[in-house]
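Letter by letter, the chains look like this.
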Amino acid sequence: MPNIVILHSGNPENRAPEMQDTLLQLNELSAVLEELGHGVGHVYFGDCCSGGCPESIAKADLVFNLVEDIDGRDELIHIATSWLDAVGVPYTGNRTHVFRLVEDKRQAKKILEEHRLPTPLWFDHDSIFGQHFEEKGVYIVKSSSLHGSVGIDDSSIVSGVEAAVEKMMAMKFRFGGDWFAESYVDGREINVSMLEIDGIVHVLPIAEILFENYHTDKPKIVGYAAKWEEESEEYNQTPRSFTFSAEDRTALDEISQLARRCWDVFGLHSYARVDFRMDHQGKPWVIDVNPNPCLMSEGGFMVATRQYGLSSQQVMEAIGSTAMRASTWTPLS
C-alpha cells in the first residue's frame, strides 16, 4: 500500500493542453516523491465521486492534491478539498475556504477592493448599471471561473464599454459561464510565488514575463497561446526573467509586501502565486491570486524555487511537511 497518494483530475480522454498539464505534473511529482523513498499511488478524483473513498487514500499517510477542475469546471475545484476534509486525510496545498474565495475571480476582486489592495477596476453584466466607467477606456475581457488563460487572446483587449459588453456576451456564448471586463493595465507582467517552510512564508525570487519582439500594436498579455501553444510566436516570445534593474527595487519591495498581504487576506496556505501588472508609472496592480500554481519543473513556481536555491525534493518535502503539521489525523491501521 503506497504511503503517499496523488489525487488528480487529469482525464486522458480530454486532450486540451491545459487539461493534460495535470497528467504531466502527476508524472513529474511521482518521480520526485519516489526519489525521496516514498511509495506513490495515483487516484483519479472522478472515481472518488462515484465509488466512495478508495482504500489507498483511506490508508495513506498523505495525499498530494493535484485536482484542478471537476469534469472540466474550474469553479467546482473546492469539491475535491471538501471531500478530503470529510475523509479526514492530510492533504497538500490550500484549504477549501481559499478555493471558495478565489474560484470566482469577481469575488476575489471584491475582496481585494475591500482590503484596499490595488486591483484594476472591473464590471460585469450586473455591476455595470449605475456605475461610471471610462467610455473610451481599454478593457480586457476575462472568464470569471476558467483558468489557464482559456479564451484570452489579442481580441480580448477592447476599446470602450460597449465593445467590452459585446465581447463578454460573445465569450459567454462560446465558452459558457460568466465573463467580466477589467481595465487593461498596459505594462509589465510580474509573478510572485510564495512557499511556506517550517511555518514561515517565503517570498521567492520575483519573475517578470518578457514580451520580446512584440509589434507595438500587439497587446502584451499572457494569453492562451503564450501558455499552451508551443509552436506559437507568443509561446516562444514570452520568456521568464528574474533579472531586474536597480531602479525596480522600490517597486519590487512594494510588490513583495502586497503579495504577503494577499497571503494573509485570503488565508493562503503552503504555496501560492500572485500575479501583477505594473503600469508605466511603476504602480503594481493585483490581477490574479492563484492558490494552486503548477508544480511542473518548468512552471513558474518551480523555477522560482530553484532560483531560491531549493531542489524539487526540498520543495516537495516542505509542501508535505506543511500538510502534516496542519493535520491531526492518524492513518488507519
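Residues numbered from 1 in each chain as written. Predicted model: local features only at pLDDT ≥ 70, side-chain atom pairs only at ≥ 80, totals over all residues. Heavy atoms only, no water.

What follows is about the sheet that holds strand S2 (residues 40-44). Strand order across the open sheet formed by 3 strands is S2-S1-S3, with parallel pairing between neighbours. Both edges of this open sheet fall to S2 and strand S3 (62-66), since each of them pairs with a single strand only. The mean angle between the axes of side-by-side strands here comes to 25°, regardless of whether they run parallel or antiparallel. Inspection of the sheet shows strand S1 (residues 4-8) paired to S3 by 5 bridges, in the parallel sense. Its bridge partner being in S3, Ile-4 is matched across the sheet by Leu-62. (Pairing = 2+ DSSP bridges. Helix = DSSP H or I, 4+ residues; strand = E, 2+ residues; numbered from the N terminus. Axes fitted to C-alpha atoms, helices over the stretch in contact; angles between N-to-C directions.)

A few words on the pairing of strand S9 (residues 200-203). Only one face of S9 is covered, namely the face carrying Val-201 and Val-203; the face carrying Ile-200 and His-202 is uncovered. Sheet topology places strand S8 (residues 188-197) next to S9; 4 bridges connect them, and they run antiparallel. The residue bridging Leu-195 from the neighbouring strand is His-202, located in S9. Count of turn residues in the S8/S9 antiparallel hairpin: 2 residues, of which Asp-198 carries a positive phi of about 50°. (Buried < 20%, exposed > 50% of the residue type's maximum accessible area, 1.4 Å probe, protein only.)

With 92% of its residues at a pLDDT of 70 or more, the protein chain shows a mean pLDDT of 90. pLDDT under 50 marks residues 328-333. Its contacts with residues more than four places away, or in other chains, come to 12 contacts. (pLDDT = per-residue confidence, 0-100. Contact = heavy atoms within 4.5 Å.)

Grouped together as the largest cluster of nonpolar side chains are 28 residues, with contacts concentrated most on Val-192, Ile-255, Phe-266 and Phe-276. For this core, the secondary-structure elements that each account for two or more residues are helix H5 (96-102), helix H6 (105-114), S8, S9, helix H10 (249-266), strand S12 (271-278) and strand S13 (284-290). Broken down by element, the residue count for this core peaks at 8 residues, all from H10. The contact partners of Ile-255, leaving out residues within four places of it in the chain, are Ile-190, Val-192, Ile-206, Phe-276, Met-278 and Pro-284. Counting 27 residues, the second-largest nonpolar core is a separate cluster that includes Leu-195, Leu-204, Ala-207 and Ile-319. (Core = buried A, V, L, I, M, F, W, Y, C linked by side-chain atoms within 4.5 Å.)

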